[in-house]
Amino acid sequence: MFYVVKRLIVLMSTLVIVSFAVFLIPYLTPGDPVRKILRARVGDLDVDPAALENLRHQYGLDRPLLVQYWDWLSSALRGDLGLSYTSRSPVIEMIGHGLAVTAVLAVASLLLALLVALPLGALAAVKRGKPTDTAITTVTQGFVAIPEYWLAPVLILVLAMQFGLLPSAGWQGPQSMVLPCITLALRPMSYFTQVARASMIEVLESPHITAARARGLAFGTTMLRHGVRNSLLPVITLFSVWLAGLLGGSVVVEVIFSIPGMGRLLYESVVNNDVPALQAGIVSLVGLAVLITTLTDLVYACINPTVRTAHVSA
């Protein structure tokens, strides 16, 4: 219980600090926040000072900073994230749609990476030190060096434009998910493969695997019943870390493939000086990332009690 309370306190503290830092975005960047609102709406035009003051009063920007933050945070907790400066749409609707798209893209990409990495990792572990192991390790480690901003255009040129097999952009159905999922899956697949290989080697050398083989259990059955299952925990932990990262780290891929997710929303918010959408997007992504990490730690602590003991003793 102490470990759970400690993690929840860390979660809440992180969210408060991040929310305050995000709230300060209009004040930490050069320029008057009121002029940024006007620039987002109608461009950088000369405006009468009286009109500027009226707009400043309308948005409550003439009040003390902490009062503004408290009002903004209270509204956000009630689900009121304000209106977009550019589209005048409710920001919460924009965030909800963007998060749904990005979540589908991130989960699909990581599941694809996992489906490829687990068999490769298991094969490399079984063939440890042999040419198969060397080939798998070399190729997957090479994937880490391939950036998404290079791979995405190559996939579009070859698979979409040259052969016409898949859509080059958009978000209309399962076919339009293939190229962005491949782009996002390549790098985590490499890490999953290496972690699965190392974990599988450790499991295969454990006493209970030796005992199972001594009882006459077939090698394939031993691998499926004991090896793969027991080696999944570190891979699942890494899966959650990558999921938290992809929720906010798919900006380049979403922009290249014209996917209406959170990455593209944040990019357009920066370009258009849409501060409410930018603030809400950053807080939402950081909050989800921290929440996923916290839940992962709690689940891991439930599975492995030594984690709880170590934190309590610390």
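The following paragraphs examine the structure supplied in this document.

**Let's talk about the overall build of the protein chain**
Right, on to step 1. Along the protein chain, the regular secondary structure elements total 16 helices and 0 strands.
Right, on to step 2. Split into buried and exposed, the 314 residues of the protein chain put 39% on the buried side.
Right, on to step 3. For the protein chain, restricting intrachain contacts to residue pairs at least 6 apart in sequence, the fraction spanning at least 24 positions comes to 72%.
Right, on to step 4. Carbon and sulfur atoms make up 68% of the accessible area of the protein chain, which totals about 16,700 Å².

**Details of the nonpolar core**
Nonpolar side chains in soluble globular proteins tend to be buried together.
Right, on to step 1. Within the largest apolar cluster, 47 residues are counted, with the highest numbers of intra-cluster contacts made by I95, L110, L179, F192 and F257.
Right, on to step 2. Going through the elements one at a time, α1 (2-23), α6 (91-126), α8 (148-162), α9 (174-204), α12 (232-249), α14 (262-271) and α15 (275-303) are the ones with two or more residues in this core.
Right, on to step 3. The element best represented in this core is α6, accounting for 10 residues.
Right, on to step 4. The residues contacting F192, other than those within four sequence positions of it, are L110, A113, L114, A117, V235, L238, F239 and W242.
Right, on to step 5. Core analysis: the next-biggest nonpolar cluster, separate from the first, contains 6 residues, V34, L52, Y85 and V275 among them.

**Details of unusual backbone geometry**
Right, on to step 1. For R88, which is not glycine, the phi dihedral falls at a positive 60 degrees.
Right, on to step 2. Structurally, R88 is set in the loop between α5 (65-77) and α6.
Right, on to step 3. A relative accessible area of 40% means that R88 is categorised as partly exposed.
Right, on to step 4. Phi at N273 takes a positive value of approximately 55 degrees, unusual for a residue other than glycine.
Right, on to step 5. Locating N273 in the fold gives a position in the loop between α14 and α15.
Right, on to step 6. Residue N273 is classed as partly exposed on the basis of its relative accessible area, which comes to 27%.

**A closer look at a nonpolar patch on the surface**
Right, on to step 1. Taken together, the side chains of L157, V158, M161, F163 and L165 define a hydrophobic patch exposed on the protein surface, amounting to about 540 Å² of accessible area.
Right, on to step 2. You can see L165 is positioned in the loop between α8 and α9.
Right, on to step 3. L165 gets classed as exposed once you look at its relative accessible area, which sits at 55%.

**Overview of the pattern of salt bridges**
Right, on to step 1. Scanning all chains against the criterion turns up 4 salt bridges.
Right, on to step 2. Put simply, R63 and D71 hold a salt bridge, and the shortest N to O gap is 2.4 Å.
Right, on to step 3. Here R63 falls in the partly exposed class, since its relative accessible area comes to 35%.
Right, on to step 4. Accessibility expressed as a relative area gives 28% for D71, which makes it partly exposed.
Right, on to step 5. Residue E148 is joined to R187 by a salt bridge in which the shortest nitrogen-to-oxygen separation is 3.2 Å.

What counts, and where the lines are drawn
- Residues numbered from 1 in each chain as written.
- Predicted model: local features only at pLDDT ≥ 70, side-chain atom pairs only at ≥ 80, totals over all residues.
- Heavy atoms only, no water.
- Helix = DSSP H or I, 4+ residues; strand = E, 2+ residues; numbered from the N terminus.
- Buried < 20%, exposed > 50% of the residue type's maximum accessible area, 1.4 Å probe, protein only.
- Contact = heavy atoms within 4.5 Å.
- Areas by Shrake-Rupley, 256 points an atom, 1.4 Å probe, with all protein chains shown as cover.
- Core = buried A, V, L, I, M, F, W, Y, C linked by side-chain atoms within 4.5 Å.
- Patch = residues over 30% accessible without salt bridge, like charges linked within 9 Å, V, L, I, M, F, W, Y side chains within 5 Å.
- Salt bridge = Lys/Arg side-chain N within 4 Å of Asp/Glu carboxyl O.

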